[in-house]
Amino acid sequence: SQTIHQWPATLVQPVGSPLSLECTVEGTSNPNLYWYRQAAGRGLQLLFYSVGIGQISSEVPQNLSASRPQDRQFILSSKKLLLSDSGFYLCAWSVSGNNEQFFGPGTRLTVL
Amino acid sequence: AQSVTQLDSHVSVSEGTPVLLRCNYSSSYSPSLFWYVQHPNKGLQLLLKYTSAATLVKGINGFEAEFKKSETSFHLTKPSAHMSDAAEYFCVVSARTSGGSYIPTFGRGTSLIVHP
């Protein structure tokens, strides 16, 4: 069966520090991968999606970036965090060509 | 282009009474529609999905939704609310892009509150 992991589960970082959040999927090959942010009281905002290794599409311009160094690994990064980067970050995957998504447990990021 | 509107940010019901969470959508293509549930500080779990088959879709935990093309709606219902149903619910529309990918659009969410 397929599983999706995110770490860390929670993170508290100072403004201006770097960020690296990791997402890995097990039990499937060549998944589509997604990063979402959920700010307090808001819905989910799609940040990035990837249909293959090294292929990243950005949905919202901001100080975040994403990389996919391996087929089942998706990394969300920032060189300098802003207060507005605080939120709940969710990774998701789907079978290529299918539109049902499966979500990870999320990472709670607090920028102070 | 596609969009989804969840008409209520909060819905409050008593345990044992019916639940109705409303969702309207727009899409340039034949869409797939989903409802997800999110409990506090957790990921999202799929409740049900519509993908152009039967218009009345049954999901987990007694939830169901009806796709009404003429009304561009996909409302979520449950005959009898349970305390464990208290959570955030998201309506999602997803259509295939010209590049062949499915890019979903999420509603802002409806918080379901269940009173004893």
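This structure is a prediction, so every number in the text was calculated from the model and none was measured. (Residues numbered from 1 in each chain as written. Chains lettered and ligands numbered in written order. Predicted model: local features only at pLDDT ≥ 70, side-chain atom pairs only at ≥ 80, totals over all residues. Heavy atoms only, no water.)

Student: Any chance you could explain the interface of chain B and chain A here in plain terms?
Tutor: Each partner contributes residues to the interface: chain B has 21 residues there, and chain A has 22 residues. Summed over both partners, the interface of chain B with chain A buries about 1,700 Å², with 54% contributed by carbon and sulfur atoms. Area buried by chain B at its contact with chain A is led by Tyr102(B), Ile103(B) and Phe106(B), which between them contribute 28% of it. Linking chain B with chain A are one salt bridge, by the criterion used here. Connecting chain B to chain A are five residue pairs in polar contact (both at pLDDT 80 or more). Of all the secondary structure elements, the ones that give two or more residues to the side of chain B that touches chain A are strand 5 (32-38), strand 6 (44-50), strand 10 (87-96) and strand 11 (102-106) of chain B. Considered class by class, the residues forming the side of chain B that touches chain A number nine nonpolar, eight polar and four charged. (Contact = heavy atoms within 4.5 Å. Buried area = accessible area lost by both parts, 1.4 Å probe. Salt bridge = Lys/Arg side-chain N within 4 Å of Asp/Glu carboxyl O. Polar contact = N/O pair within 3.5 Å; in protein donor to acceptor, adjacent residues only side chain to side chain. Helix = DSSP H or I, 4+ residues; strand = E, 2+ residues; numbered from the N terminus. Nonpolar A, V, L, I, M, F, W, Y, C, P; charged D, E, K, R; others polar.)

Student: Help me out: how do you make sense of the side chain of Gln38(B) in this one?
Tutor: The topology assignment puts Gln38(B) in strand 5. The exposure class assigned to Gln38(B) is buried, which follows from its relative accessible area of 7%. A distance of 2.8 Å separates polar atoms of two side chains, one belonging to Gln38(B) and the other to Gln38(A). Discounting residues that sit within four places of it in the chain, Gln38(B) has contacts with Gln38(A), Phe88(A), Leu90(A), Gly43(B), Leu44(B), Ala87(B), Glu88(B) and Phe90(B). (Buried < 20%, exposed > 50% of the residue type's maximum accessible area, 1.4 Å probe, protein only.)

Student: Is there a simple way to explain the state of the cysteines in this structure?
Tutor: Defined simply, a disulfide is a covalent bond joining two cysteines at their sulfur atoms. Taken as a whole, this structure holds two disulfides over all chains when the rule is applied. A disulfide bridge connects Cys23(A) with Cys91(A), and the sulfur atoms are separated by 2.0 Å. Across the S-S bond of Cys23(A) and Cys91(A) the torsion is about -75°, and the bridge reads as left-handed. Taken together, the positions of Cys23(A) in strand 3 (residues 19-26) and Cys91(A) in strand 9 (residues 87-94) put the pair 68 residues apart, joining distant regions of the chain. Cys23(A) gets classed as buried once you look at its relative accessible area, which sits at 1%. Paired through a disulfide, Cys23(B) and Cys91(B) show a sulfur-sulfur distance of 2.0 Å. Between Cys23(B) and Cys91(B) the disulfide shows an S-S torsion of about -70°. By sign, it is left-handed. Here Cys23(B) is found in strand 4 (residues 23-27), whereas its partner Cys91(B) is found in strand 10, with 68 residues between them in sequence. (Disulfide = S-S within 2.5 Å.)

Student: I'm lost on the pairing of strand 12 (residues 110-115) of chain B in this one. Help?
Tutor: Strand residues, when the strand is regular, have side chains that alternate between the two faces of the sheet. All names here are of chain B. Note: strand 2 (residues 10-14) against strand 12, five bridges, orientation parallel. Bridged to Ser12 within strand 12 is Ile113. As judged from the three bridges shared by strand 10 and strand 12, these two strands associate in the antiparallel manner. Counterpart to Ala87 in the pairing with strand 12 is Leu112. (Pairing = 2+ DSSP bridges.)

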